[in-house]
Amino acid sequence: MTERTLVVVTAGLSQPSSTRLLADRLSAAAVEQAATLGVDLAVRVVELRDVAHDLMDHLLTGFPPAQLREALDAVAAADGLIAVTPIFNASYSGLFKSFFDVVEKDALRDKPVLLAATGGTARHSLALEHALRPMFAYLRAATVATPVFAASEDWGGEDELRTRIDRAAGELAREIGRREPARVTDPFALTTSFEELLAGN
């Protein structure tokens, strides 16, 4: 099987969290769908509540602490991404936005991304289209067509939510499967040998 990596970024604030629950459902479905395409997805979950203080330090100093640096590197190196946020005041959470504010330029370019959110009522579902999708379009990510929103009442209607999860996960798995593995270039890596540098003088 072809091996690929999937990073799940979840911005839930509580433990347990419906945002994390949705993230886990989506990643499990993506792994299952990818397997039918001959792709073995290795999943890494980034809980933003665990790096919340690091995010503020990074925003103030410009230098990410080690745990945040590791999370940012994982996102940049991933073949696909699932991004899940709770909806506050008709938009993504501040924690969610802060993380993607410090993701390196071009780290998400052409990377398949599944957008998802949780909220109290279905009225908040439009935030996926008017808030999340434009942000990821600006970051030049390749967002899949189907986003997934789970309102409080959706957890009782498992069939309908499961259908949306499976459809979105299938779209993500296909996008990951048809692309070459993600390659991350080191901006500090030497591209010219010492001998070539000497020859140029």
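A quick note: this is a predicted structure, and the numbers were derived from the prediction, not measured.

**Section: the pattern of salt bridges**
Here is step 1 of the chain: Enumeration according to the criterion identifies 16 salt bridges in this entry.
Here is step 2 of the chain: A salt bridge links Arg178 to Glu175; the nearest nitrogen and oxygen atoms lie 3.1 Å apart. Taken as a pair, Arg178 and Glu175 lie in helix H6 (residues 158-178) at a separation of three residues, close to a single helical turn.
Here is step 3 of the chain: For Glu175, a relative accessible area of 23% gives the class partly exposed.
Here is step 4 of the chain: Salt bridges linked by common partners bring Asp110, Glu175, Arg178 and Arg179 together as one network.

**A short note on helix H3 (residues 66-77)**
Here is step 1 of the chain: Over its 12 residues, H3 extends 16 Å from the first C-alpha to the last, a length consistent with the 16 Å expected when each residue adds 1.5 Å.
Here is step 2 of the chain: Listing the buried residues of H3 in full gives Leu68, Ala71, Leu72, Ala74, Val75 and Ala76.
Here is step 3 of the chain: The secondary structure elements touched by the buried residues of H3 are strand S1 (2-10), strand S2 (39-47), helix H2 (52-61), strand S3 (80-88) and helix H4 (94-101).

**Details of the packing of aromatic side chains**
Here is step 1 of the chain: For the structure on display, the rule yields five aromatic pairs.
Here is step 2 of the chain: Judged by centre distance (6.2 Å) and plane angle (55 degrees), the rings of Phe96 and Phe136 are tilted. One end of the pair, Phe96, is in helix H4; the other, Phe136, is in helix H5 (residues 127-138), and 40 residues separate them in sequence.
Here is step 3 of the chain: A ring pair is formed by Phe100 and Phe136, whose centres lie 4.9 Å apart and whose planes are at 70 degrees; its orientation type is edge-to-face. Note that Phe100 is positioned in helix H4 and Phe136 in helix H5, a separation of 36 residues in sequence.
Here is step 4 of the chain: Here Phe136 falls in the buried class, since its relative accessible area comes to 0%.
Here is step 5 of the chain: Cluster of aromatic residues (ring-pair linked, three or more members): Tyr92, Phe96, Phe99, Phe100 and Phe136.

**Focus on the packing of H4 against H5**
Here is step 1 of the chain: Running from N to C, H4 and H5 point in directions that differ by 5 degrees, and their axes come no closer than 12 Å. Relative to H5, the element H4 lies roughly parallel. Residues Phe96, Lys97 and Phe100 of H4 pack against Leu132, Met135 and Phe136 of H5.
Here is step 2 of the chain: Looking at side-chain class alone, the contact of H4 with H5 contains five nonpolar, no polar and one charged residues.

**So, the side chain of Ser98**
Here is step 1 of the chain: Among the secondary structure elements, Ser98 is positioned in helix H4.
Here is step 2 of the chain: In contact with Ser98, not counting residues within four places along its chain, are Leu55, Met56 and Leu59.

**Concerning the nonpolar core**
Here is step 1 of the chain: In this structure, Val9, Leu81, Phe99, Phe100 and Phe136 are the most contacted members of the largest nonpolar core, which totals 37 residues.
Here is step 2 of the chain: For this core, the secondary structure elements donating two or more residues are S1, H3, S3, H4, strand S5 (112-119), H5 and strand S7 (148-151).
Here is step 3 of the chain: Sequence-distant contacts of Phe99, defined by excluding residues within four places in its chain, comprise Val9, Leu48, Leu55, Leu68, Ala71, Leu72 and Val75.

**Observations regarding the packing of H2 against H3**
In a pair of packed helices, the angle between the axes and the distance between the axes together describe the arrangement.
Here is step 1 of the chain: Where H2 contacts H3, the two axes come as close as 9 Å, and the packing angle between them is 90 degrees. Taken together, the axes of H2 and H3 lie roughly perpendicular to each other. From H2, Asp54, Leu55 and His58 reach across to H3, where they touch Gln67, Leu68 and Leu72.
Here is step 2 of the chain: Its residues assigned to classes, the contact of H2 with H3 shows three nonpolar, two polar and one charged.

Basis of the calculations
Residues numbered from 1 in each chain as written. Predicted model: local features only at pLDDT ≥ 70, side-chain atom pairs only at ≥ 80, totals over all residues. Heavy atoms only, no water. Salt bridge = Lys/Arg side-chain N within 4 Å of Asp/Glu carboxyl O. Helix = DSSP H or I, 4+ residues; strand = E, 2+ residues; numbered from the N terminus. Buried < 20%, exposed > 50% of the residue type's maximum accessible area, 1.4 Å probe, protein only. Expected span 1.5 Å × (residues − 1). Contact = heavy atoms within 4.5 Å. Phe/Tyr/Trp six-rings, centres within 6.5 Å; stacked < 30°, edge-to-face > 60°. Axes fitted to C-alpha atoms, helices over the stretch in contact; angles between N-to-C directions. Parallel < 35°, antiparallel > 145°, perpendicular 65-115°, else oblique. Nonpolar A, V, L, I, M, F, W, Y, C, P; charged D, E, K, R; others polar. Core = buried A, V, L, I, M, F, W, Y, C linked by side-chain atoms within 4.5 Å.

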